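# Examination of the molecular architecture
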Amino acid sequence: MSTLLGGRYKLGEMIGTGGMADVYVAKDERLSRKVAIKVLRSDLARDPSFVARFRKEALAAAGLNHPGIVAVYDSGEKPAPYIVMELVSGHTLRELIHRGDHLPLDRALEIGEGILAALEYSHERGIVHRDIKPSNVMITDQGVVKVMDFGIARALDDVGATLTSTWNIVGTAQYLSPEQAMGESADYRSDIYSVGCLLYEVLTGRPPYTGDTPVSVAFQHVSGELIRPHTLNTELPEGVDILLTVALAKRPIDRYQSAAQMLEDIQKLRAGKTVTTKIARPPINRRKFIVGAISTLAVSGLLAFGVFATNSSQNNTLIEIPNVVGLTLTQIDTQNLLSEFTITIQRAHDPHIPIDHVASQIPLPTTKVKKGTGVILTLSDGLGDAVVPSDLVGKSLTDARTSLTAAGLVIAQTEAVSSDKPQGTVLKVTPDGGSIITAGSGVILQIASGSIAVPALVGIDEIQARTVLTQAGFLINQIAAYDATQPLGVVLAQAPDAGTKQTIGSSVTITVNKFPTVEPVG
């Protein structure tokens, strides 16, 4: 594969990856400058309506010229949709939060100022971001705040058919406005709500709403009670409570009506002045509030999902959603498995599930819901394409495996060779980094040789065994057998035996105790 995109951008090393795209450093050969190129997922590239919308919205975002917005220079569609952006030296706000860095109040508010200044500029030009979250906010090495992904957020506003369950649903749901959660259109006040969520997390150490599933988080955005920030961080002044209570109001009409209004209150706080803004109307009586359907669509990996709530006059009997992953629609209909639910079908590539079989379902199997609840089934379109990561050489075998898994690829073979590099270091990758190959395919890794003892695995559970092998640098081959005298899920046998010396990167086979399964016909 040629790594010269658009006849001018020469791809370099990968500097970031996610559920939606990989980001590379590249050189613009025409202008002799470094840029960042975000190459979108191959399944998005196969949706003609998305490609057309993406082109239009990426070019619209390219018209945003503001110091607080990561500039978009160009876009293209071959070999996959990509956008060419300003290369920013720094880190995302998400990375800062994950490090556990404690930001002083003034610096946190300063970051909020930077985000709102960028949004004020974009809103004036009719562009709503729709996916403000810490991973879309860059802090440069000079401390400047820059918001990114305007074009992508807007382009992906209604492409639910292309999104898959591998995307980071929970992470984005934490910054979702109530109107987005209910499937309503998002406007500039939705961005303000998301900024409120982001600032709440930076100032208190946790998002305003949390939960075990994206559905539960989204439901709380719609009807949950907000814990006052001061309750979680007693050092915060009263003005912060007022600021975030207004920004996080359930109804758009009760929030700040522009980024400029919220920006003005932040500037008052930083200057030590009193903030007096109040919610315009009294809160909704939650006992009378009925959530019709929570569904959403967002960029860094959200899948459309649904939850249905009804008033007390309706039947509250809960029924369990069956597991239909791996079945065809014909098999589901024949067995009458989902007759009591409202079904929505979408399609996506999947390297592990045969074409036209169910690859995933939302809500998850065994979830208990009311009759008529919406169930979203993702049918496999078979194998798609994947890009071989370009940063594998020099990594440990464990880290290389993680990167390949994230890219939708596996290790087909390892070749141990003599080297002065540390044992298990990746020396060469075949095919080369940056190559586009079929998702699910295997790559060959040449690694620095060395022998280590195979750990003892018999009698421990499957997850622990896989973890031990992965950390030791072995590949895993798993088979199943059934022994009624042993607990389910434990390792019954292993090959080679414990203590055997094996080359790092070689395979170890474990036999796991599982009930015999009957494969579906068809």
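Residues numbered from 1 in each chain as written. Predicted model: local features only at pLDDT ≥ 70, side-chain atom pairs only at ≥ 80, totals over all residues. Heavy atoms only, no water.

Our focus in this paragraph is helix H15 (residues 462-472). Of all the residues in H15, the buried ones are Glu462, Ala465 and Leu469. Buried residues of H15 fall within an arc of 65 degrees about the axis and therefore sit on the same side. Opposite the packed face of H15, turned more than 90 degrees from it, sit the exposed residues Ile463 and Gln471. Next to the buried residues of H15 lie strand E21 (475-481), strand E22 (491-495) and strand E24 (507-513). You can read the cap of H15 off the contacts: a side-chain oxygen lies 3.1 Å from the backbone nitrogen of isoleucine 463, and it is on aspartate 461. Downstream of H15 by one or two residues, glycine 473 has phi in the positive range, about 95 degrees. (Buried < 20%, exposed > 50% of the residue type's maximum accessible area, 1.4 Å probe, protein only. Helix = DSSP H or I, 4+ residues; strand = E, 2+ residues; numbered from the N terminus. Arc of directions from axis to C-beta. Contact = heavy atoms within 4.5 Å. Polar contact = N/O pair within 3.5 Å; in protein donor to acceptor, adjacent residues only side chain to side chain.)

Right, let's talk about the sheet that holds strand E11 (residues 342-348) for a bit. Taken in spatial order, the three strands make up an open sheet running E11-E14-E12, and their pairing is mixed. Each edge of the open sheet carries a strand with a single partner, namely E11 and strand E12 (358-362). Between one strand and the next, the sheet's axes are offset by a mean angle of 25 degrees, whatever the strand orientation. The sheet contact formed by E11 and strand E14 (residues 374-380) spans seven bridges and is parallel. For glutamine 346, the partnering residue across the bridge sits in E14 and is threonine 378. (Pairing = 2+ DSSP bridges. Axes fitted to C-alpha atoms, helices over the stretch in contact; angles between N-to-C directions.)

Cis geometry marks the peptide bond from threonine 430 to proline 431; its omega dihedral reads 0 degrees. Structurally, proline 431 is set in the loop between strand E17 (426-430) and strand E18 (436-438). Of the consecutive residues alanine 495 and proline 496, the connecting peptide bond is found in the cis state with omega at 0 degrees. Take proline 496: it is sitting in the loop between E22 and strand E23 (501-503). One non-glycine residue with positive phi stands out, namely aspartate 356, at about 70 degrees. Looking at the secondary structure, you find aspartate 356 in the loop between E11 and E12.

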